[in-house]
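Listed below are the residues making up each chain.
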Amino acid sequence: MDKPKLGVSACLLGHKVRYNGDGAEYRNLTRTWSHHLELVGVCPEVGIGMGTPRPTIRLVKRDNQVHLVNPKTGDDFTQQMIEYAQLQSDALINADICGFVFKKDSPSCGLERVRVYTEGQPQARRNGTGLFALVFTTLHPHIPVIEEGRLSDPLQAEHFLARVEFFSLWLNEGKMGWSADRLMRFHNTNKLFLLSRSPSAKRDLGRLLARAFDNGDHPENVALEYMTAAQKSLDVLTKPGPIAHAMERVLGRVSSKLTRTERQEMLDVIHEYRRGLLPRSAPLTLLRHLVRRCGMENETHSRFISPTPLSLGLMAKV
Ligand code: SF4
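Given the structure is predicted, the values throughout are model-derived calculations rather than measurements. All residue numbers here refer to positions counted from 1 along the written sequence of the relevant chain. At least 70 in pLDDT is required for a residue's local features to be given in this predicted model, at least 80 for side-chain atom pairs to be given and counted, and no such filter applies to totals for whole chains, interfaces and linings, which use all residues.

> For this particular structure, what's the right way to read the nonpolar core?
The nonpolar side chains of a soluble globular protein tend to be buried, and buried together. The biggest cluster of nonpolar side chains holds 82 residues, and the ones touching the most others in it are Met81, Phe132, Tyr226, Met247, Val250 and Leu287. Per the convention used, a helix needs a DSSP run of H or I reaching at least four residues, while a strand needs a run of E reaching at least two, with both numbered from the N terminus. Counting residues per element, this core draws most heavily on helix α5 (residues 154-174), which supplies eight residues. These domain boundaries are the output of an automatic or database domain assignment. Here this core spans two domains, and each of domain 1 (5-152) and domain 2 (153-318) adds at least three residues to it. Think of it this way: build a C-beta for each residue from its backbone, and any pair within 7 Å is a contact. In this structure Met247 touches Ile270, Pro283 and Leu287, once residues within four positions along its chain are discounted. In plain words, the nonpolar core is the set of buried Ala, Val, Leu, Ile, Met, Phe, Trp, Tyr and Cys residues that C-beta atoms within 7 Å link up. Residues are called buried when their C-beta atom has 20 or more other C-beta atoms within 10 Å, exposed when it has 12 or fewer, and partly exposed otherwise; all C-beta atoms are positioned from the backbone.

Written out as structure tokens, the structure reads:
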């Protein structure tokens, strides 16, 4: 299988596209994640022809609308950026990207807490979204997105990557065309993963599928609705409790093939993970071993036990 593609603000890849002619390389992406993902750089400000270096621009609220302007000259780039963002977002979807990492604080790329100035006032409020990011996330809410600042937290990085891998599987599965059966199979394969990340998602998504097929909706539309709802549920960071609960479920399925001592040892390790005394990799490694030894390996178990590439080492840090 090809590497999943990840859209990235181009400056984070070290491209010298910032207003001052510098890059802002995020080495975790370029040196580690790039082994597993194909990184696709996009610089919206260069994309609208601003060049490098260039004057700084900012978000300014005027007549209750937010504009992207050069504060020194008053030049307004709002319409240009909206048109570029619409075209580029569609191009990225057609190129099969499975997620996007945005540069924080940027009036074009920032996802959250971007400075918004009110015309005529020196102070800004940190409550905006960069214009390119806003158009992209509005048009394509089924794509997982994050700012690079959050990736320095292993919990957030692992969870985001798991969402990207989940999306990539959905994309590959859908290449053969969605049918009701294929969607149900995809949901069943991922149900333990979903249960561990967002306990209500498995049930809610199952209901969404049942309702849509009862209504006779087209499977392609249902698939998009499914992924949009799934990614919305997965937007909330997972906690150890639901993950430990999913581990216990897997253990329940192999229990009859284990001795009482083996079962108790596994339960103890899960419990220690739940209490924060062991990293997630400890019970998952044991579980993987037990599942394999008992001949109970299947896609549902692997989706839950190995949702992200092990070699990234994230599981040992969460
Ligand atoms: S933050 Fe976005 S617009 Fe600014 S330099 Fe980076 S990629 Fe370009």
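That was the structure; now back to the text.
> How do you make sense of the pairing of strand β4 (residues 65-69) when you look at a structure like this?
Residues in a regular strand project their side chains so that they alternate between the two faces of the sheet. Bridge count between strand β3 (residues 58-62) and β4: five bridges; the pairing is antiparallel. Residue Leu59 lies in a different strand from β4, and its bridge partner there is Leu68. When DSSP finds two or more bridges between a pair of strands, those strands are recorded as paired.

> I keep staring at helix α3 (residues 78-94) and nothing clicks. Help me out?
One full turn of an α-helix is made of 3.6 residues, so residues set three or four places apart face in the same direction. By this rule the span expected of a helix is its residue count minus one, scaled by 1.5 Å. The terminal C-alpha atoms of α3, which comprises 17 residues, lie 24 Å apart, in line with the 24 Å expected from a rise of 1.5 Å per residue. Two residues or fewer past α3, Asp96 is found with a positive phi of approximately 70°.

> Explain the sheet that holds strand β8 (residues 145-147) here, please?
The strands that make up a sheet are held in pairs by hydrogen bonds between backbone atoms, and each pair lies either parallel or antiparallel. Ordered by their spatial adjacency, four strands build an open sheet running β2-β1-β5-β8, and the pairing between neighbours is parallel. The sheet is open, and its two borders are formed by β2 (38-42) and β8, each paired with just one other strand. Neighbouring strand axes in the sheet, compared pairwise and without regard to direction, differ in orientation by 25° on average. Here strand β1 (residues 5-9) pairs with β2 via five bridges, running parallel. Each residue of the ladder has a partner; that of Val8, found in β2, is Gly41. Geometry is summarised by axes, namely lines fitted to C-alpha atoms with helices restricted to the contacting stretch, and by angles between N-to-C directions that run from 0 to 180 degrees.

> Which parts of the structure should I look at to understand the domain arrangement of the protein chain?
Quoted interface sizes are often the accessible area lost when the parts come together. Each assigned domain of the protein chain is listed with its residue range as follows: domain 1 (5-152) and domain 2 (153-318). The centre of domain 1, based on its C-alpha atoms, is set 31 Å off from the matching centre of domain 2. Gly counts as polar in this scheme, as do all residues outside two lists: the nonpolar Ala, Val, Leu, Ile, Met, Phe, Trp, Tyr, Cys and Pro, and the charged Asp, Glu, Lys and Arg. For the side of domain 1 that touches domain 2, the residue count by class is seven nonpolar, five polar and two charged.

> How do you make sense of unusual backbone geometry when you look at a structure like this?
The phi angle of most residues is negative, glycine excepted, and most peptide bonds adopt the trans form. That bond from Thr52 to Pro53 is cis: its omega, -5°, falls within 30 degrees of zero. The phi torsion at Asp63 lies on the positive side, around 50°, for a residue other than glycine. Positionally, Asp63 belongs in the loop between β3 and β4. Judged by the 6 C-beta atoms lying within 10 Å of it, Asp63 is exposed. We note that Asn64 has phi near 65°; this positive angle belongs to a residue other than glycine. Counting through the fold element by element, Asn64 comes out in the loop between β3 and β4.

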